[in-house]
Amino acid sequence: MLHEKLASIYDSVLRRNPGETEFHQAVREVLESIGPVLGKHPEYAESKIIERICEPERQIIFRVPWEDDQGEVHINRGFRVEFNSALGPYKGGLRFHPSVYLGIVKFLGFEQIFKNSLTGLPIGGGKGGSDFDPKGRSQREIMRFCQSFMTELYRHIGEYTDVPAGDIGVGGREVGYLFGQYKRITNRYESGVITGKGLSYGGAQVRTEATGYGCAFFVEEMLKARGTSFDGKRVVVSGSGNVAIYTTEKVRQLGGTVIACSDSSGYVVDEKGIDLDLLKQVKEVERLRVDVYAKRRGGDAVFVAGRSIWEVPCDVAMPSATQNELTGRDAETLVRGGCIAVGEGANMPTMPEGIRVFREAGVSFGPGKAANAGGVATSALEMQQNASRDSWTFEFSERRLQEIMRDIHGRCLQTADEYGMPGDYVAGANIDGFKRVADAMLSLGLI
Ligand code: NDP
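Quick summary incoming for the structure in this document. Fair warning: this is a prediction, and the values are worked out from it, not measured in the lab.

## Some remarks on the sheet that holds strand S2 (residues 73-84)
Here is step 1 of the chain: With mixed pairing, 5 strands are arranged side by side in an open sheet as S1-S2-S4-S3-S5. The outermost strands of the open sheet, each flanked by one partner alone, are strand S1 (58-67) and strand S5 (162-165). Pairs of neighbouring strands in the sheet enclose a mean axial angle of 20°, with direction left out of account.
Here is step 2 of the chain: Two strands pair when backbone bridges link them, and strand S3 (residues 90-96) and S5 are joined in this way by 4 bridges, in the parallel orientation. Among the inter-strand pairings, Lys91 is bridged to a residue of S5, identified as Val163.

Shown next as structure tokens:
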């Protein structure tokens, strides 16, 4: 239920942003949490902070023309939504996926404001991408697309302005091509203009692993708060991209067994535990589908086409593929199967009905804003290293990441307690993330 004042703000968001359903969903979730804050802080409502936060500072949409290997010309659409820079330069990834449109980029950018705030680091919120589909494209086509994309984007970004990174469809290879083109156009080696770079040209240790490792650290804290641990737990991780792979790696190190993963074609169950070397070979090196994993693994590994991975019973669920991939019905199935904790590696993977089911069943639920913040936090550490021309060791960087995740977990719980909603990580994350941005905006005048 929305507080009356917030309901009218939400109506205006619906009116001003028609058809952008994912953006509406992301805004509603935050507004549902911050009602109690308005009671304590009337100054936020008086200065229309919430209305201002819901309106991006700047939205850029541009043409991306490129030529495929057969010489055919394609036109894609590029986006960068610079949502909020009260805490620092806009920071957030680029997504290349055919489903990308303004509503997706705005939902991701909006979430990013609060996530970045929660890290406690000096980064604002933004997000971008394109409706380009990298699947089935050759290396040279990917490079030409990235070069064309950056040929427009370069004028909008910079170490002190806006710092992109990867997301779905944008990994180390794409970041390399994007940075190469930026450097070529500007004739400046500005390492801090993009994060997720390779280690040989300004990248940071642990950035590749950070979102997945961070999510596993966050869930470890949630389990600890329930008096248990990953030890002996059956874990299901959806997706098989960057976040899913490194979540699987860290969960295993922490004593859990990941028994299933997926991609958009279906899921694989491997009761002995996912073989990470094989998964990395199939997905990261050869860029094939998960059924190939099951075929090569043999034994008991089974591929199930076109069904929801959430039908696999588990103790811990870690949705790490995409938005709205876990429905209310999936949540009921998970609860019936004995699931006690959910950590969102992806952004907004659980539908509102699913969150309600988890809440009512007493499942510990770590929302993406908090649980997957390790990625952007480590990006901010990459920016620090670039600015000081330094590079830290893997061990030091991982320790920093773990401390940041523990801190976010602790603040979510503490804030939820303070506002009378003990154990509610969604409320804790939204309120804590919101307050830091709102206070900075108040101090900066009418911006
Ligand atoms: P990748 O592109 O590396 O992997 C995405 C994975 O999710 C693939 O297995 C993909 O399968 C699957 N997937 C994507 N879309 C769909 C869909 N519509 N239905 C089913 N499966 C799908 O992306 P990341 O691992 O980087 O990102 C995953 C999630 O984590 C996203 O929500 C992203 O926003 C979030 N995130 C990522 C961060 C990062 O640092 N990379 C940081 C914080 C959040 P297929 O190959 O078949 O499409």
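## Quick notes on the side chain of Lys197
Here is step 1 of the chain: Its location among the elements puts Lys197 in the loop between helix H7 (172-186) and helix H8 (207-225).
Here is step 2 of the chain: A polar side-chain atom of Lys197 sits 2.9 Å from a polar atom in the side chain of Asn386.
Here is step 3 of the chain: Those residues in contact with Lys197 that sit more than four places away from it in its chain are Val175, Phe179, Ser191, Gly202, Gly203, Ala204, Glu382 and Asn386.

## Quick notes on the packing of aromatic side chains
Here is step 1 of the chain: Across all of its chains, the model carries 19 aromatic pairs by this definition.
Here is step 2 of the chain: Here the aromatic rings of Phe23 and Phe110 are separated by 5.8 Å at their centres, their planes lie at 85°, and the arrangement is edge-to-face. Of this pair, Phe23 sits in helix H2 (residues 21-40) while Phe110 sits in helix H5 (residues 102-118), and the two are 87 residues apart along the sequence.
Here is step 3 of the chain: Through a chain of ring-to-ring contacts, the aromatic side chains of Phe62, Trp66, Phe96, Phe132, Phe145 and Phe149 assemble into a single cluster.
Here is step 4 of the chain: Across the ring face of Tyr419, the terminal group of Lys40 is positioned such that the distance to the ring centre comes to 4.4 Å.
Here is step 5 of the chain: Positioned above the aromatic ring of Tyr213, the side-chain terminus of Lys250 is 4.4 Å from the ring centre.

## Observations concerning unusual backbone geometry
Here is step 1 of the chain: One non-glycine residue, Lys48, adopts positive backbone phi at about 55°.
Here is step 2 of the chain: You can see Lys48 is positioned in the loop between helix H3 (42-46) and helix H4 (49-53).
Here is step 3 of the chain: For Lys48, a relative accessible area of 48% corresponds to the partly exposed category.
Here is step 4 of the chain: One non-glycine residue, Met348, lies in positive phi territory at about 55°.
Here is step 5 of the chain: With respect to the helices, strands and loops of the structure, Met348 is situated in the loop between strand S11 (341-343) and helix H13 (352-361).

## With respect to the site of the ligand
Here is step 1 of the chain: Contacts to the ligand come from 25 residues, most closely from Asp167, Thr211, Ser264, Arg289 and Asn347.
Here is step 2 of the chain: Between the ligand and the protein, one listed contact pairs an oxygen atom with a backbone N or O atom of Ser240 at 2.9 Å.
Here is step 3 of the chain: Here Arg289 contributes a side-chain N or O atom positioned 2.4 Å from an oxygen atom of the ligand.
Here is step 4 of the chain: Protein contacts shield 83% of the accessible area of the ligand, which totals 890 Å² for the unbound molecule.
Here is step 5 of the chain: For the shell around the ligand, the elements supplying multiple residues, two or more each, are H8, helix H9 (242-253) and strand S7 (257-263).
Here is step 6 of the chain: Looking at side-chain class alone, the shell around the ligand contains 4 nonpolar, 14 polar and 7 charged residues.

## Some points on the packing of H2 against H5
Here is step 1 of the chain: Remark: H2 packs on H5, axes separated minimally by 7 Å, with the N-to-C direction vectors making an angle of 25°. One finds that H2 runs roughly parallel with respect to H5. Facing H2, whose interface residues are Glu22, Phe23, Ala26, Val27 and Val30, H5 presents Gly103, Ile104, Lys106, Phe107, Phe110, Glu111 and Phe114.
Here is step 2 of the chain: Class assignment of the residues belonging to the contact of H2 with H5 gives a composition of 8 nonpolar, 1 polar and 3 charged.

## A closer look at H7
Here is step 1 of the chain: Look at H7: 21 Å from first C-alpha to last across 15 residues, which is about the 21 Å you get at 1.5 Å a residue.
Here is step 2 of the chain: Along H7, the residues classified as buried are Glu174, Val175, Tyr177, Leu178, Phe179, Gln181 and Tyr182.
Here is step 3 of the chain: Summarising the contacts, the buried residues of H7 are in contact with S3 and helix H6 (139-153).
Here is step 4 of the chain: Remark: Asn187 follows H7 within two positions and exhibits a positive phi of approximately 60°.

## Thoughts on the packing of helix H16 (residues 394-418) against helix H17 (residues 425-443)
Here is step 1 of the chain: For the pair H16 and H17, interaxial distance at closest approach is 7 Å and the crossing angle is 100°. Put simply, H16 runs roughly perpendicular to H17. When H16 is examined against H17, the residues His409, Arg411, Cys412, Leu413, Thr415 and Ala416 are found in contact with a partner set consisting of Tyr425, Gly428, Ala429, Ile431 and Asp432.
Here is step 2 of the chain: In terms of residue class, the contact of H16 with H17 is made up of 6 nonpolar, 3 polar and 2 charged.

Scoring rules and cut-offs
Residues numbered from 1 in each chain as written. Predicted model: local features only at pLDDT ≥ 70, side-chain atom pairs only at ≥ 80, totals over all residues. Heavy atoms only, no water. Pairing = 2+ DSSP bridges. Helix = DSSP H or I, 4+ residues; strand = E, 2+ residues; numbered from the N terminus. Axes fitted to C-alpha atoms, helices over the stretch in contact; angles between N-to-C directions. Polar contact = N/O pair within 3.5 Å; in protein donor to acceptor, adjacent residues only side chain to side chain. Contact = heavy atoms within 4.5 Å. Phe/Tyr/Trp six-rings, centres within 6.5 Å; stacked < 30°, edge-to-face > 60°. Lys NZ or Arg CZ within 6 Å of the ring centre and 35° of its normal. Buried < 20%, exposed > 50% of the residue type's maximum accessible area, 1.4 Å probe, protein only. Near = heavy atom within 4 Å. Areas by Shrake-Rupley, 256 points an atom, 1.4 Å probe, with all protein chains shown as cover. Nonpolar A, V, L, I, M, F, W, Y, C, P; charged D, E, K, R; others polar. Parallel < 35°, antiparallel > 145°, perpendicular 65-115°, else oblique. Expected span 1.5 Å × (residues − 1).

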